[in-house]
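# Working through the structure, step by step
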Amino acid sequence: MQNFGKVAVLMGGFSSERQVSLDSGRAVLAALREKGVDAHAFDPKETPLGGLKTQGFDCAFNILHGIFGEDGTVQGALEALGIRYTGCGVLASAVGMDKYRCKLLWKGLGLPVPDYEVLREDSDFDAVERKLGLPLFVKPANEGSSVGVVKIKEKGRLKNVYRELRQYKGEIIAEKFIGGGEYTCAILGGEALPSVRIIPATEFYDQEAKYDRDDTVYLCPSDLSEADEKQMRELTVRAFDAIGGRGWGRIDFLKDKNGRLYLLEANTLPGMTSHSLVPKAAAQAGIGFADLCLRILQTAYVE
């Protein structure tokens, strides 16, 4: 087995997704140790990142979800420290975390994205509702794990929801509802894994459905036709390459009632908990959880 040296599993951090990151981190840590890796937990909220150098770490398995860990910040710090790390680099992380700019990039390349509007204080909220139709979704552009996502079904509610969401960093976007199904497709080492169909028992695939409930249904292999599965995998690789992605990640999709696929968002640092989707897809491809963690670690490098 490759000698990775002393490996820090970066977990916890400062974002609204701290608890999920801790759950992912513990699972990754146990898996790497099972494989004989000299892996140790490292929480930047408790120890400054400079401790990676003073404590002699050679490599970092980054599983810091959300702001700071997933938006290019910690990636830049690791570059400055000269420590190899897993996942996307600075630019791809920043673009992938910003749903608005990611959509701009994909749309500019002719990739399919749902219609959306960026909301401002002076937006004509009634006009946005008419243009996108109801129901519609409103979300902070720079949060993950469905933090702050609101589904609006009642006319005239958009302005108040926008004002409630201004507490979050970055733009607030309204997005057209696409109601034919939710899917995701993971990518590992440049190759798309089997797609997963997500069927939540809740109104949509929110935080509760992702992390707290046991009645969310995951179909892997999904219910896509062979042709649609091929198209989704191809779109996954194109979308991930478009943002400069490397190593591993996940692209989320929506399907409309006519069967057309839309790119929803990029996830450059997916969850690795018992409910997480990349491990499910990897298992379908014959890759166990510990081997998945090891293969991700093998992609670590520093620019």
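The coordinates are above.
Here we summarise the structure given alongside this text.

What counts and how
- Residues numbered from 1 in each chain as written.
- Predicted model: local features only at pLDDT ≥ 70, side-chain atom pairs only at ≥ 80, totals over all residues.
- Heavy atoms only, no water.
- Pairing = 2+ DSSP bridges.
- Helix = DSSP H or I, 4+ residues; strand = E, 2+ residues; numbered from the N terminus.
- Axes fitted to C-alpha atoms, helices over the stretch in contact; angles between N-to-C directions.
- Phe/Tyr/Trp six-rings, centres within 6.5 Å; stacked < 30°, edge-to-face > 60°.
- Buried < 20%, exposed > 50% of the residue type's maximum accessible area, 1.4 Å probe, protein only.
- Arc of directions from axis to C-beta.
- Core = buried A, V, L, I, M, F, W, Y, C linked by side-chain atoms within 4.5 Å.
- Domains from an automatic or database assignment.
- Contact = heavy atoms within 4.5 Å.

### Structural notes on the sheet that holds strand E3 (residues 59-62)
Read from one edge to the other, the open sheet built from 4 strands follows the order E2-E1-E3-E4, with strand pairing classed as parallel. Sheet topology places strand E2 (38-42) and strand E4 (84-85) at the edges, where each strand pairs with a single neighbour. In terms of strand pairing, strand E1 (residues 6-10) meets E3 through 4 bridges, oriented parallel. From the neighbouring strand, Leu10 faces E3, where its bridge partner is Asn62.

### Looking at the sheet that holds strand E6 (residues 136-140)
Strand order in the open sheet formed by 4 strands is E5-E8-E6-E7, and the pairing between neighbours is antiparallel. For this open sheet the edge positions go to strand E5 (116-119) and strand E7 (150-152), each flanked by a neighbour on one side alone. Sheet twist, expressed as the mean angle between neighbouring strand axes with direction ignored, is 25°. In this sheet, strand E8 (residues 172-176) lies alongside E6 in antiparallel orientation, the contact comprising 5 bridges. Counterpart to Pro140 in the pairing with E8 is Ile172.

### Remarks on the packing of aromatic side chains
How two aromatic rings sit relative to each other is set out by the distance from centre to centre and by the angle between their planes. The tally for this structure, following the rule as stated, stands at 5 aromatic pairs. Between Phe42 and Phe57 the ring centres are 6.0 Å apart and the planes differ by 85°, which places this aromatic pair in the edge-to-face class. Here Phe57 lies in the loop between helix H2 (51-54) and E3 and Phe42 lies in strand E2, a separation of 15 residues in the sequence. Across this residue pair, the class does not change: Phe42 and Phe57 are buried. Geometrically, the ring pair formed by Phe125 and Tyr162 is tilted, given 5.6 Å between the ring centres and 40° between the ring planes. Of this pair, Phe125 sits in helix H6 (residues 125-132) while Tyr162 sits in helix H7 (residues 158-165), and the two are 37 residues apart along the sequence. As far as burial versus exposure is concerned, Phe125 and Tyr162 are alike and both buried.

### Here's the deal with the pairing of strand E9 (residues 182-188)
Burial analysis of E9 places 6 of its 7 residues in the buried class, the great majority of the element. As paired elements, E9 and strand E11 (residues 196-199) share 3 bridges and run antiparallel to each other. Each bridged residue has a counterpart across the sheet, and for Thr184 the counterpart in E11 is Val196. Taking the residues between adjacent antiparallel strands as the criterion, E9 and strand E10 (residues 191-192) are bridged by 2 residues, where Gly189 takes a positive phi near 60°.

### Structural notes on H6
When we look at burial in H6, the residues that qualify are Phe125, Val128, Glu129 and Leu132. One side of H6 holds all its buried residues, which, seen down the axis, span an arc of 100°. Pointing more than 90 degrees away from the buried face of H6 are the exposed residues Arg130 and Lys131. Looking one or two residues past H6, Gly133 carries a phi angle of roughly 80°, positive in sign.

### Details of the nonpolar core
A general trend in soluble globular proteins is that nonpolar side chains are found buried together. Val7, Val9, Leu32 and Phe61 are the most contacted members of the largest nonpolar core, which has 36 residues in total. Going through the elements one at a time, E1, helix H1 (18-34), E3, E9, E11, helix H10 (277-284) and helix H11 (289-297) are the ones with two or more residues in this core. The element that contributes the greatest number of residues to this core is H11, accounting for 6 residues. A domain split of this core shows at least three residues from each of domain 1 (7-86) and domain 2 (95-111 + 179-299). Contact partners of Phe61, with chain neighbours within four places excluded, come to Val7, Ala8, Val9, Leu10, Val28, Leu32, Thr86, Cys293, Ile296 and Leu297.

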